[in-house]
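Notes for the structure review
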Amino acid sequence: MFKSIFVCVFVFLCVSGDTDPRPKIIIDNDAGGDDAMAVFIALLYEQHLSGPKIVALTTGAGNTDEDNVCRNNQWLLKLAGREDIPIYRGARKSLVNTFVKSKYYYGVDGMGDSGEKIVDLVAPQNKSAVTALIEYSKLYEGELIIVTIGTLTNVATAMIVDPDFLGRLKQLHIGAGHIHSEIHSGAEFNARTDAEAYHVVVQNANPDKVTIFPFSQVKDYLKYTKEWRTDVLGGMKTNIMHYQNKFEKVSMSKENVWEKLDPAVVALTLRPDLVEEYRYAKNDIILCGEERGMNTNQFVAKEDANVRVAYALRHEEYQQFLLDVLKHDANSAVNNRTV
Ligand SMILES: [Ca+2]
């Protein structure tokens, strides 16, 4: 009896191919210089601080076209020495033919237009991002956290294809949208770029599974001086920070302060204690008219909510987190850059 149970467990573990008890993470991104830092943080946190296991990256158009986003994901894994992580290519445009062309905030190539040539890249997988998301949700049922830091096109499509998709996830963490106010009055890029996808996701959401990390809250709570980003964070002599500074070069030239959604969303996923207050909300997006792409949000009791919102964030603790994680490098413990 015990022998047969042992054999069954052994076969299951062999088939699933994983005995690691840590949570599993997929980062769905549109890299993007800010996505780059988010991916680096997750990889370094896994490698040096026993963080959740990054099992895949999935791509979609956004900061630049999907061909560039895919290549940028290849760069990131190469620089981090993590070509073991598969890349699955996703949405090349929005669900409805309303794709808002990027203003190339991070440069035409999405990564600072540095002219850098990073070679010997590992090819992406043939399987699509949507198929991969669904299959990983089955492989790691109850363990998988999907973090989106681009449009919601891939996740919305997975929800449409497989109505049980969200139920199998441990969490879906969404970096998109705003809690609108006088100072956050325009539509947020990730939400607006595929407004229909955002609508599909929140229509199918529930607050036990879905947390929204609005950009407005990052702007309110996690705003730092340009000097701190350039001299302190950017001054750390690691290979990864050397490239990260290049990837943000175009965007930094336009900014007076440093406030980035993508690294914050990944950091708050890895370290939920960096969120000071969550609230529950009825959250959606406006699809028609002049306000298209803007969010609607009403804070309510959990039983009336469709999402949880990361509302108040810890300023100093997040700043320290960035220093503690990004002081590490891909190949050694601390500060190994010599050239
Ligand atoms: Ca992004």
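Note that the structure is a prediction, hence the values are computed from the model and not measured.

Remarks on the overall build of the chain
Scanning the chain from N- to C-terminus turns up 14 helices and 11 strands. At 19 Å, the chain has a C-alpha radius of gyration in line with the 20 Å of a compact globule built from 339 residues. Seen through its C-alpha atoms, the chain measures out along the principal axes to roughly 65 × 55 × 40 Å. The buried share of the chain, taken over its 339 residues, is 49%.

Re the confidence of the model for the chain
Overall, the prediction assigns the chain a mean pLDDT of 92, with 91% of residues at 70 or greater. Low pLDDT, under 50, characterises residues 1–15; the stretch is placed with 1 contact to residues that sit more than four places away or in other chains. Below a pLDDT of 50 lies the segment residues 333–339, which in the model reaches 15 contacts outside its immediate sequence neighbourhood of four places, other chains included.

Focus: helix α2 (residues 33–49)
In this model α2 runs 23 Å from its N-terminal to its C-terminal C-alpha over 17 residues, within 8% of the 24 Å that 1.5 Å per residue would give. Burial analysis of α2 places 13 of its 17 residues in the buried class, the great majority of the element. Phi turns positive one or two residues past the end of α2, at Ser50, with a value near 55°.

Side note on the sheet that holds strand β2 (residues 53–59)
Strand order in this open sheet of 9 strands is β3-β2-β1-β4-β5-β6-β11-β9-β10, and the pairing throughout is mixed. Of all strands in the sheet, those with a lone pairing partner are β3 (87–88) and β10 (295–299), marking the two edges. Strands in contact with α2 are β1 (24–29) and β2; relative to β1, the strand with the most contacts, it is inclined by about 165°. Contacting β2 and β3, helix α3 (residues 66–80) crosses the sheet at an angle of about 155° to β2.

A word on the environment of Ile285
Relative to the assigned elements, Ile285 resides in strand β9 (residues 275–285). Assessed through the 28 C-beta atoms surrounding it within 10 Å, Ile285 is described here as buried. Through-space distance from the C-alpha of Ile285 to that of Gly177 is 8.5 Å; in sequence the pair is 108 residues apart. If near-sequence neighbours (up to four positions away) are discounted, Ile285 is found in contact with Ala191, Ala195, Tyr198, His199, Gly293 and Asn295.

A closer look at helix α5 (residues 153–161)
Counting buried residues in α5 gives 7 out of 9 residues, a clear majority hidden from the surface. Those residues of α5 that sit buried are Thr153, Asn154, Val155, Ala156, Thr157, Ala158 and Met159.

With respect to the pairing of strand β6 (residues 210–213)
The side-chain alternation of β6 yields two buried faces, one formed by Val210 and Ile212 and the other by Thr211 and Phe213. Note: strand β5 (residues 171–175) against β6, 4 bridges, orientation parallel. By the bridge assignment, Leu172 is partnered in β6 with Val210. The sheet contact formed by β6 and strand β11 (residues 307–313) spans 2 bridges and is parallel. Its bridge partner lying in β11, Ile212 is registered against Val309.

Re the nonpolar core
Ile27, Val39, Phe40, Ile41, Ala42 and Val201 are the most contacted members of the largest nonpolar core, which totals 99 residues. Looking at this core element by element, the count peaks at 10 residues for α2.

Re the packing of α2 against helix α11 (residues 239–247)
Where α2 meets α11, the axes come as close as 9 Å, and the angle between the chain directions of the two elements is 160°. If you check the angle between α2 and α11, you find them roughly antiparallel. Both α2 and α11 take part in a crossing whose hand is left-handed. Residues Gly33, Ala36, Met37 and Phe40 of α2 form the contact with α11, whose participating residues are Ile240, Gln244 and Phe247. The residue inventory of the contact of α2 with α11, partitioned by class, reads 5 nonpolar, 2 polar and no charged.

What to know about the environment of Glu143
Summarising the element assignment, Glu143 is placed in the loop between α4 (129–139) and β4 (144–148). Setting aside its immediate chain neighbours within four residues, Glu143 contacts Pro23, Lys24 and Lys170.

Points about unusual backbone geometry
With an omega of -20°, the peptide bond running from Ala31 to Gly32 counts as cis. Inspection of the secondary structure assignment puts Gly32 in the loop between β1 and α2. Although it is not a glycine, Asp113 adopts a positive phi angle of roughly 50°. The residue Asp113 is located in the loop between β3 and α4 in this model. The backbone of Asp120 shows a phi angle near 60°, a positive value even though the residue is not glycine.

Parameters and conventions
- Sequence positions are assigned chain by chain, starting from 1 and proceeding in written order.
- Given that the model is predicted, a residue must reach a pLDDT of at least 70 before its local features are reported, and side-chain atom pairs must reach 80 or more before they are shown or counted; all residues, however, enter totals for whole chains, interfaces and linings.
- Working definition: helices are DSSP H or I runs of at least four residues, strands are E runs of at least two. Numbering for both runs from the N terminus.
- The quantity called the radius of gyration is restricted to C-alpha atoms. Its globule counterpart is 2.2 Å times the number of residues to the power 0.38.
- Neighbour counting defines burial: a residue surrounded by 20 or more other C-beta atoms within 10 Å of its own C-beta is buried, one with 12 or fewer is exposed, and intermediate counts give partly exposed, using backbone-placed C-beta atoms.
- Think of pLDDT as the predictor's per-residue confidence, scored from 0 to 100.
- Here, residues touch in the contact sense if the C-beta positions derived from the backbone fall within 7 Å of one another.
- Multiplying 1.5 Å by the residue count of a helix minus one yields the expected span of that helix.
- Pairing between two strands requires that DSSP report at least two bridges joining them.
- Throughout, an axis means a line fitted to C-alpha atoms (over the contacting stretch in the case of helices), and angles, computed between N-to-C directions, take values from 0 to 180 degrees.
- Only buried Ala, Val, Leu, Ile, Met, Phe, Trp, Tyr and Cys residues enter a nonpolar core, and they are joined through C-beta atoms within 7 Å.
- To sort the angles, those under 35 degrees are grouped as roughly parallel, those over 145 as roughly antiparallel, those from 65 to 115 as roughly perpendicular, and the leftovers as oblique.
- Whether a crossing is left-handed or right-handed is set by the direction in which the near helix is turned from the far one by less than a right angle, anticlockwise for left-handed and clockwise for right-handed.
- Residues are grouped as follows: Ala, Val, Leu, Ile, Met, Phe, Trp, Tyr, Cys and Pro are nonpolar; Asp, Glu, Lys and Arg are charged; all remaining types, including Gly, are polar.

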